[in-house]
Amino acid sequence: MVQSLRRLRESPSQTAGPYVHIGATPNFSGIGGVYPHDLGSQPLAPEVKGERIAVTGRIFDGSGTPIKDALIEIWQADAQGLYPGQGERRGEADPHFPGWFRQPVDGTTGVYRFETVKPGIVPYFDGRPMAPHITVWIVARGINIGLHTRLYFGDEEAANAADPILARIEHRVRVPTLIATRSEDEAGMPVYTFDIRLQGEGETVFFDI
Amino acid sequence: MRNENSSHQGGSFYQRDRSWHPPAFTPNYKTSVLRSPQKALLSLGNTISEMTGPVFGHDMLGPLDNDLILNYSQTGEPIGPRIIVHGQVLDEDARPVRGALVEFWQANAGGRYRHKKETYLAAIDPNFGGCGRTITDDEGRYWFRTIKPGPYPWPNGVNDWRPAHIHFSVFGHAFAQRLITQMYFEGDPMIWQCPIVMGIPSREAVERLVAALDREATLPMDTMVYKFDIVLRGRRSTLFENRMEGN
């Protein structure tokens, strides 16, 4: 026998289920009057610095069908590459930028859409720059443990080519699953389309973090 | 507002034990079949993008956010056994996780959710919305008041029922700790018949999700109490990590 390390075990994950919207976005699900607004859904304050962008797409299951009941959260650095919230020790992020957003996919089309700013470059643990990216976390009915992935930007070819995380993907044919394509909407706002495939051909790279 | 534990701030998180959690593919839970990635996860480890996370301040909470008996009351109180759920959010080193946003949602006492896609014949309760939230205190403690949810049938097998449960969403101090799970109730035989629960590989792990009836905390002639502790990933002490400047 040896001494006990006396560590606890992480609580096991369980699916967010089909009614995750009741808890996460009650106003969206028709439960009004409990919270003034759904957390993570408020538009950006006008003071936020940086290039305004939209991020949109759908999540497809293994049959190619868009999922209509998922919830997506994103977490990202500000335009200068500093994280708001906690854990950032390199400086103070833009005080008006929350960094974290949450949206349900549309119940009919499965489309999600976030309006944010393009994040700056942040360092890898060895100091090399990581290309601008957004952390994406997906939960839904049928997903037993939340899926982490990253959105990289298609117009950042040089930065993406030097990114230490993208460089670790052995099967290079899978790298494009993490890269959003840029277009512009009618108002001239840059729109990055990032479709996520949970399974099968073109399966998105998901991370164990 | 900073929520870091001064002696352990900034370290990377312990590897998540994927054999302890339910795998993505659990065919007895049919919806997982087409929603489970088939390729191996890419081991990323922690970068600053995972070791940071949003902060939620107590000032965002309304006075009834942790009281599901009153926060959707229209004409009176909801029907059902009155309960309080309380517990601590800890990390794997048993340190309290303070300032953690905890959100919860559930069916009503008849097992019916207030949701447009829900078709179970049990009645909607006009006084029950089914959502709440709170933020842990300096000892990582949280509590909320609600009614005990009922079990309900769901379209999986031809006759599958979910045990009574409350859904939990927890934010720790970093995005790497993000967790959604469910709480079950002590003594419920349906826990062990549920395809979602049984996707968890070990009985020991399932038991971590079963809240104990906290008889001593019960409010006489008023409310039963269940205790449900939640454990998030622990993190290394920076004492042991030689991290480059700039991170």
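Residues numbered from 1 in each chain as written. Chains lettered and ligands numbered in written order. Predicted model: local features only at pLDDT ≥ 70, side-chain atom pairs only at ≥ 80, totals over all residues.

1. Considering the overall build of chain B
- Looking only at helices and strands, one finds two helices and twelve strands in chain B.
- Along chain B, helices and strands appear, N-terminal first, in the series β-α-β-β-β-β-β-β-β-β-α-β-β-β.
- What you see for chain B is a C-alpha radius of gyration of 19 Å, in line with the 18 Å of a compact globule of 247 residues.
- In chain B, buried positions account for 47% of the 247 residues.
- Sequence separation of 24 or more characterises 74% of the internal contacts of chain B that already satisfy a separation of 6 or more. (Helix = DSSP H or I, 4+ residues; strand = E, 2+ residues; numbered from the N terminus. Rg over C-alpha atoms; globule rule 2.2 N^0.38 Å. Buried ≥ 20, exposed ≤ 12 C-beta atoms within 10 Å, placed from the backbone. Contact = placed C-beta atoms within 7 Å.)

2. Quick word on the overall build of chain A
- Assigned secondary structure in chain A consists of two helices and twelve strands.
- Counting helices and strands in the order they occur from the N terminus, chain A gives α-β-β-β-β-β-β-β-β-α-β-β-β-β.
- Taking 209 residues into account, the globule formula puts the C-alpha radius of gyration at 17 Å, and chain A, at 18 Å, falls close to it.
- Principal axes of the C-alpha set define a box for chain A whose edges measure 65 × 40 × 40 Å.
- Counting across all 209 residues of chain A, residues that qualify as buried make up 47%.

3. Here we look at the nonpolar core
- Counting 108 residues, the largest nonpolar core has A:Ala70, A:Ile138, A:Val139, B:Val89 and B:Val170 as its most contacted members.
- Here B:Val170 is in contact with B:Val89, B:Ala100, B:Val102, B:Leu179, B:Ile230 and B:Leu232, once residues within four sequence places are set aside. (Core = buried A, V, L, I, M, F, W, Y, C linked by C-beta atoms within 7 Å.)

4. Quick notes on the interface of chain B and chain A
- With 79 residues of chain B at the contact, the number on the chain A side is 66 residues.
- Secondary structure elements with two or more residues in the side of chain B that touches chain A: strand S1 (42-43), helix H1 (48-51), strand S3 (101-105), strand S8 (165-170), strand S9 (179-185) and strand S12 (230-232) of chain B.
- Within the side of chain B that touches chain A, the residues separate by chemical class into 33 nonpolar, 29 polar and 17 charged.
- As defined by bridge partners, strand S12 (residues 207-208) of chain A adjoins S1(B) across two bridges and the pair is classed as parallel. Bridging from a neighbouring strand, A:Phe207 pairs with B:Leu42 of S1(B). (Nonpolar A, V, L, I, M, F, W, Y, C, P; charged D, E, K, R; others polar. Pairing = 2+ DSSP bridges.)

5. Considerations on unusual backbone geometry
- For A:Arg6, which is not a glycine, the phi torsion comes out positive at approximately 55°.
- Looking at the secondary structure, you find A:Arg6 in the segment before helix H1 (20-24).
- On the neighbour-count criterion, A:Arg6 (7 C-beta atoms within 10 Å) is exposed.
- A positive phi is found at B:Met221, a non-glycine position, where the angle reads about 60°.
- Assignment of secondary structure puts B:Met221 in the loop between strand S10 (210-213) and strand S11 (224-227).

6. Section: the confidence of the model for chain B
Residues and elements named next belong to chain B.
- Here chain B shows a mean pLDDT of 93. Residues at 70 or above account for 92%.
- Predicted confidence is poor over residues 1-8, with pLDDT under 50, and the contacts of this stretch with residues over four places away or in other chains come to 15 contacts.
- For this predicted complex, the interface score ipTM comes out at 0.97, while the overall pTM is 0.96. (pLDDT = per-residue confidence, 0-100.)

7. A look at the environment of B:Thr47
- Tracing the sequence through the fold places B:Thr47 in the loop between S1 and H1.
- Residue classification places B:Thr47 among the buried residues on the basis of 23 C-beta atoms within 10 Å.
- Between the C-alpha atom of B:Thr47 and that of B:Thr146, which follows or precedes it by 99 residues, the distance is 39 Å.
- The contacts of B:Thr47, once residues within four sequence positions are left out, are A:Tyr124, A:Phe125 and A:Met130.

8. What to know about the environment of B:Trp154
Residues and elements named next belong to chain B.
- Within the secondary structure, Trp154 sits in strand S6 (residues 152-154).
- Linking Trp154 and Leu41, residues 113 residues apart in sequence, is a C-alpha distance of 30 Å.
- Not counting the four nearest positions on each side in its chain, Trp154 is found in contact with Asp160 and Arg162.

9. Overview of the environment of B:His165
Residues and elements named next belong to chain B.
- Note on placement: His165 falls in strand S8.
- What makes His165 buried here is the crowd of 27 C-beta atoms within 10 Å.
- Expressed as a C-alpha distance, the spacing of His165 and Gln182, which sit 17 residues apart in the sequence, is 6.3 Å.
- Setting aside its immediate chain neighbours within four residues, His165 contacts Pro149, Gln182, Met183 and Tyr184.

10. Things to note about the pairing of strand S4 (residues 131-135) of chain B
Residues and elements named next belong to chain B.
- Burial analysis of S4 places five of its five residues in the buried class, which makes it a mostly covered element.
- Taken together, the five bridges between S3 and S4 define a ladder with antiparallel strand orientation. The partner of Val102 across the bridge, within S4, is Thr134.

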